[in-house]
Amino acid sequence: MSENAVIFGYSGHAYVILELLAASGIIATGYFDAEEKQKNPFSLTYYGTGNDEADFAKIAGDNAYIAIGNNQVRARIFDNLERNKISCPVAIHPKATVSPSVKVGEATVVMAGAVINAMANIGKAAICNTSCVIEHECVVGDYAHIGPGAVLAGNVKVGAGTFIGANSVVKQGTTIGAGVTVGAGSVIVSDIPDGVTIFGNPAKVR
């Protein structure tokens, strides 16, 4: 695959996405961030903050990848790109396993080792991080982040903007609300309302 590509955000999470893109034959040439980074391990060109039309004019015709882990910031950037009609493709690592019956929204990234099984539905600008497992018929909302090694058993629903911490496990059929933070290593065995922080085994609202 050959395309012109830029990224939004340029720190640790971006480094993983840049290597994902490279593994797919996509080489990003530049980045947008709040400021120019002193650390530039991929020798990218700094294009600016990405907040105005002049910035977007620099990347006319390019594909954009949002390389920011924070759900709220990622949502804001995606909404701005969408308004400005900037293309934000799905990015799936070639070593991820994604069923052909899965639906994946625009600007979502699926990292190496992730497994997404039959009939799952992943929203836009979500992160399915390294080696997570999203089982059959799960629904993951827009701007959600499923952390490294997390496991969603079958028919789990995760609301928009929710963060599921690394190595957490969610029982089959469970619904987790929007804007929830699940601490790393948690075990979720019952439904969770919107906007809470929860962790532990079994997980409890804190």
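The paragraphs below set out a description of the structure included in this document. (Residues numbered from 1 in each chain as written. Predicted model: local features only at pLDDT ≥ 70, side-chain atom pairs only at ≥ 80, totals over all residues. Heavy atoms only, no water.)

Moving on, we come to unusual backbone geometry. Cis geometry marks the peptide bond from N201 to P202, where omega comes out at -5°. Checked against the element boundaries, P202 lands in the loop between β22 (197-200) and β23 (203-205). A positive phi angle is found at N155, which is not glycine, with a value near 60°. Relative to the assigned elements, N155 resides in the loop between β15 (151-152) and β16 (157-158). At N167, a residue that is not glycine, the phi angle is positive and equals roughly 60°. Among the structural elements, N167 can be located in the loop between β17 (163-164) and β18 (169-170). (Helix = DSSP H or I, 4+ residues; strand = E, 2+ residues; numbered from the N terminus.)

Our next topic: the sheet that holds strand β10 (residues 121-122). Reading across from one edge, β7-β10-β13-β16-β19 is the order of the five strands in this open sheet, with parallel pairing throughout. The outermost strands of the open sheet, each flanked by one partner alone, are β7 (103-104) and β19 (175-176). Here β10 runs beside strand β13 (residues 139-140); their pairing, made up of two bridges, is parallel. Within β13, the position partnered with I122 by the bridge is V140. (Pairing = 2+ DSSP bridges.)

Along the chain, the position of R74 falls in helix α3 (residues 71-83). Lacking a salt bridge, the buried R74 has D142 as its closest oppositely charged neighbour, with an N-O distance of 9.8 Å. The contacts of R74, once residues within four sequence positions are left out, are I66, I68, G69, A125, A126, I127, Y143, A144 and H145. (Buried < 20%, exposed > 50% of the residue type's maximum accessible area, 1.4 Å probe, protein only. Lys, Arg positive; Asp, Glu negative; His and termini not counted. Salt bridge = Lys/Arg side-chain N within 4 Å of Asp/Glu carboxyl O. Contact = heavy atoms within 4.5 Å.)

Next up on the list: the sheet that holds strand β3 (residues 45-48). Judged by pairing direction, the sheet is parallel, and its four strands sit side by side in the order β3-β2-β1-β4 without closing on themselves. Unpaired on one side and paired on the other, β3 and β4 (63-66) mark the two borders of the sheet. Strand-to-strand, the axes of this sheet are offset by a mean angle of 30°, without reference to chain direction. Of the strands in this sheet, β1 (5-8) and β4 touch α3, which is tilted by about 165° from β4. (Axes fitted to C-alpha atoms, helices over the stretch in contact; angles between N-to-C directions.)

Quick look at helix α1 (residues 12-23) now. Taking 1.5 Å per residue, twelve residues should reach 16 Å; α1 reaches 17 Å between its end C-alpha atoms and fits that length. Among all positions in α1, only H13, A14, Y15, I17, L18, L20 and L21 are buried. The inward-facing, buried residues of α1 abut β1, β2 (28-32), β4, β5 (91-92), β8 (109-110) and β11 (127-128). Where α1 terminates, the next one or two residues include G25, which has phi positive at roughly 80°. (Expected span 1.5 Å × (residues − 1).)

Attention now moves to the nonpolar core. The nonpolar side chains of soluble globular proteins are, as a tendency, buried together. Counting 29 residues, the largest nonpolar core has I116, I122, I134, I146, L152 and I188 as the members making the most contacts within it. Formed by 19 residues, the second largest nonpolar core is a distinct cluster that contains I7, Y31, Y65 and A67. (Core = buried A, V, L, I, M, F, W, Y, C linked by side-chain atoms within 4.5 Å.)

Time to look at the environment of N117. Examined against the element boundaries, N117 turns out to sit in the loop between β9 (115-116) and β10. A relative accessible area of 24% places N117 in the partly exposed class. In contact with N117, not counting residues within four places along its chain, are S99, V102, I134, E135 and H136.

Inspection of every chain in the model, using the stated rule, returns seven aromatic pairs. With a centroid separation of 5.2 Å and an interplanar angle of 45°, the aromatic rings of Y31 and Y46 are classed as tilted. Of this pair, Y31 sits in strand β2 while Y46 sits in strand β3, placing them 15 residues apart in sequence. A residue is classified by how much of its surface remains accessible, and Y31, at 1% relative accessible area, is buried. Classification of Y46 by relative accessible area gives partly exposed; the value is 24%. Counting every residue linked through ring pairs, the aromatic cluster contains Y10, Y15, Y31, F42 and Y46. In this structure, R206 packs its charged tip against the face of F199, placed 4.3 Å from the ring centre. (Phe/Tyr/Trp six-rings, centres within 6.5 Å; stacked < 30°, edge-to-face > 60°. Lys NZ or Arg CZ within 6 Å of the ring centre and 35° of its normal.)

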